[in-house]
Amino acid sequence: MPTNRTSLRTADKATTQHLNGRTLISALADQRKIIEWNMARGLVYFETKQPYGGSDCKDLSAALLHMLEQDYEQQIIVIRDAHLGLRDNPMEVARLKALATQILSRAEAHVTIFLVAPLVLIPVELEKLVTLFDLPLPDEAAILEIIQTEVSGFKNRCNPMI
């Protein structure tokens, strides 16, 4: 039986460590679905970046309201550019706090919320719900592997017969 494990986590330096964070989040999924909100696309599936569940939640407030209406049990929620979405936006902060509180109140919930941003900006209302961690920068070998993987993926997308 899953335990009630919910936390808001932030990863800073996300801009330079996007692939590192992506790999980490994917590894932590353990068969849980991953959804993502980002400023460019709104609420999407993490892996495909396709709209999540037919929702048209482009702004963070609408996405959080949509999430509040769901019964998540096995989920990872990634909020990219969290510093921009939460800064000076009391509605978004209140909805994110309500979502975390709602998840914490459900004993069967196994949900983690990641706030990903290049700088740490945690509203006071969320401080007790947040665990900060810093992703290390990849070394030269890891950077080379990332570049090779991306080039290979790009070639396959451009010409699947290669």
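Fair warning: this is a prediction, and the values are worked out from it, not measured in the lab.

Chemist: Could you give me a rundown of the overall build of the protein chain, with the residues and numbers involved?
Modeler: The helix and strand inventory of the protein chain stands at five helices and six strands. Reading the protein chain from its N terminus to its C terminus gives the helix and strand order β-α-β-β-α-β-α-α-β-β-α. In the protein chain, the proportion of contacts linking residues at least 24 apart, taken out of those at least 6 apart, comes to 72%. Summing over all exposed atoms, the protein chain offers an accessible surface of approximately 9,500 Å²; the carbon and sulfur share of this is 57%.

Chemist: Please give an account of a nonpolar patch on the surface that cites residues and values.
Modeler: A surface patch of nonpolar side chains, about 240 Å² in accessible area, is lined by I143, I147 and V151. By the element assignment, I143 lies in helix α5 (residues 140–158).

Chemist: I'd like to hear about helix α2 (residues 60–68), residue by residue, with values.
Modeler: Among all positions in α2, only L60, S61, A63, L64, H66 and M67 are buried. If you follow the buried residues of α2, they end up packed against β2 (33–38), β3 (42–45), β4 (74–80), α3 (82–86) and α4 (90–104). Its side-chain oxygen placed 3.2 Å from the backbone nitrogen of S61, D59 serves as the N-cap of α2.

Chemist: Please provide a residue-by-residue account of the pairing of strand β5 (residues 110–116), values included.
Modeler: Burial of β5 is extensive: seven of the seven residues sit out of reach of the surface. Where burial is concerned, the two faces of β5 agree: the one with H110, T112, F114 and V116 and the one with V111, I113 and L115 are both buried. The sheet contact formed by β4 and β5 spans seven bridges and is parallel. Across the sheet, V78 pairs through a bridge with F114, a residue of β5.

Chemist: Would you mind going over the pattern of salt bridges in detail, with residue names and values included?
Modeler: Where side chains of opposite charge bring their charged atoms close, a pairing between them can arise. This structure, assessed with the given rule, holds four salt bridges. Measuring nitrogen to oxygen at the nearest pair gives 3.2 Å for the salt bridge that ties R80 to E36. With a gap of 44 residues between them, R80 in strand β4 and E36 in strand β2 connect regions that are remote in the sequence. Using a relative accessible area of 10% as the deciding quantity, one classes R80 as buried. Its salt-bridge partner being R106, residue E108 comes within 3.0 Å of it at the nearest N-O pair. Through salt bridges with shared partners, one network takes in E36, K49 and R80.

Chemist: Any chance you could break down the side chain of R106 for me, citing the residues and the numbers?
Modeler: Of note, R106 is situated in the loop between α4 and β5. One polar contact links R106 to E108, side chain to side chain, over a distance of 3.0 Å.

Rules used throughout
Residues numbered from 1 in each chain as written. Predicted model: local features only at pLDDT ≥ 70, side-chain atom pairs only at ≥ 80, totals over all residues. Heavy atoms only, no water. Helix = DSSP H or I, 4+ residues; strand = E, 2+ residues; numbered from the N terminus. Contact = heavy atoms within 4.5 Å. Areas by Shrake-Rupley, 256 points an atom, 1.4 Å probe, with all protein chains shown as cover. Patch = residues over 30% accessible without salt bridge, like charges linked within 9 Å, V, L, I, M, F, W, Y side chains within 5 Å. Salt bridge = Lys/Arg side-chain N within 4 Å of Asp/Glu carboxyl O. Buried < 20%, exposed > 50% of the residue type's maximum accessible area, 1.4 Å probe, protein only. Polar contact = N/O pair within 3.5 Å; in protein donor to acceptor, adjacent residues only side chain to side chain. Pairing = 2+ DSSP bridges.

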